Amino acid sequence: MASTVSDRPGYGQLLRTPGAWTFLLPGFAARQPFAMLTIGIVLLVQHTTGSYGSAGAVAAVSGVSMALFAPQSGRLADRFGQRTVLVPGVLAHATSVGALTALALADAPLWVLFLAAVPTGASIPQIGPMVRARWAAALGAAPGRPASPLMATAAAFESVTDEFTFVVGPVLATALCTGVHPAAGLIAEAVLTLVGGLLFAAQRATQPATRSAATAAEPHRSALSVPGVRVLAVTFLGIGAVFGGMQVSLTAFSEEIGRPGVNGLLYGIFAAGNMLAGVACGAIAWKSGPRRRLIVGYVALTLTASGLWAVHSVPLLAGLGLLVGLCIAPALISGYTLVEALVPASARTEAFTWLTGAVALGQAAAVTVAGQLADAHGASTGFVVPMIGTALALVTLLALRSRLIPRHRGRTVARGIGHREPVTVD
């Protein structure tokens, strides 16, 4: 029986991990606003300026700011503890979102909105990476030894949770902005961040050990010094290009056909595909390693994203968007799973934030470029951005795939998540 459970870990076994529910529920509430921020900024600034290009640029500044500051937040959380970083972070974020909203409604100059977007993005709480770090601590993941079979399940579960927020968040933000007030989406984002973040920070018992409490013999180095993390960061840039390109292009497409309310539905279908694929990935006992799954999933993502620009009807766009979403989850899950084998525990939160930041940076660039293309040439041209972003990232991934193999001199490493047999590295 023990062998069967170990070989085929499931969500039920994962959720019975001691202490899991104490950080899962508040973590879900705290990360929900993350999916609302970009679309909330786009809808509000487009309403006040009348330009998707300007709206996308402001959202992009926020995304770039997050990408630059998120790893620093992760490094501080590894060193001083998640609560120490999270409490002032959520307070700063709520204040920054309020200031950006007020300035946009006051028709402030675009450069002022850019300035306000910097602290808004820099203070985004990194709840997802913090939850993943708590899973790793709870399941005893460590580089140089066979990973717990539940780590792949945990990665899938977190991907499902992330994507569920991307089902609910954009739909909720769009409904609030179009049905209540253009600023309602950002106001709700700030309130949810504040309440959820403080509740999550209160769960001290499940926090990973800080670096000062870690093994003294383990020298600290930045997670970005691991070659595999750099490859994954570039790979995740392409995934961010899909998210950003889809958000702006779907919004522009809905406006172009005179049906703005369909935007939330189309993006929700895209995100639902991602969520469903994540559920399936966690339920399957994989015989192939995460590196191979990442490559196969990324090839499929690139192929499906390449057809978006040619679709001009709501049903076809919904169907192809669903396929794109189905291809994202395997790539995300495999990438996050590889972190467990590549990065020591003392830098794991930082590693997760580099990947999250890469998604945000790719999203920011895509929002800017797709917005400019949609303004100048129509909504369909904005969909070129996901195609180019994933293609460039795929070339990098294939060229540098050997760097995703864990190498620990004189130690034993696992061949992949779900493989029980170790192999000694000389």
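Residues numbered from 1 in each chain as written. Predicted model: local features only at pLDDT ≥ 70, side-chain atom pairs only at ≥ 80, totals over all residues. Heavy atoms only, no water.

Our focus in this paragraph is the packing of helix H8 (residues 127-139) against helix H15 (residues 348-377). Orientation of H8 relative to H15, taken along the N-to-C sense of each, is 140°, at an axis distance of 9 Å. The hand of the H8/H15 crossing is right-handed. Residues Pro129, Met130, Arg132, Ala133 and Ala136 of H8 form the contact with H15, whose participating residues are Arg348, Thr349, Phe352, Thr353 and Thr356. Residue composition of the contact of H8 with H15, grouped by class: five nonpolar, three polar and two charged. (Axes fitted to C-alpha atoms, helices over the stretch in contact; angles between N-to-C directions. Helix = DSSP H or I, 4+ residues; strand = E, 2+ residues; numbered from the N terminus. Left-handed = near helix turned anticlockwise from the far one by under 90°. Contact = heavy atoms within 4.5 Å. Nonpolar A, V, L, I, M, F, W, Y, C, P; charged D, E, K, R; others polar.)

Here we take up the confidence of the model for the chain. Should the pLDDT be low somewhere, the predicted coordinates at that spot are not to be read in detail. The predicted model of the chain averages 79 in pLDDT, with 86% of residues at 70 or higher. In the model, residues 1-8 has pLDDT below 50 throughout and makes six contacts with residues more than four positions away in sequence or in other chains. The model gives residues 409-426 a pLDDT under 50, and that stretch makes 39 contacts with residues more than four places away or in other chains. (pLDDT = per-residue confidence, 0-100.)

This next bit is on the nonpolar core. Core analysis: the biggest nonpolar cluster contains 53 residues, and Ile239 and Ile328 have the highest contact counts within it. Where this core is concerned, the elements lending two or more residues are helix H11 (227-256), helix H12 (262-283), helix H13 (290-305), helix H14 (314-342), H15 and helix H17 (384-399). Per-element accounting of this core gives the leading share, 13 residues, to H14. The contacts of Ile239, once residues within four sequence positions are left out, are Tyr298, Leu301, Ile328, Ala331 and Leu332. Formed by 30 residues, the second largest nonpolar core is a distinct cluster that contains Leu100, Ala108, Ala117 and Ala183. (Core = buried A, V, L, I, M, F, W, Y, C linked by side-chain atoms within 4.5 Å. Buried < 20%, exposed > 50% of the residue type's maximum accessible area, 1.4 Å probe, protein only.)

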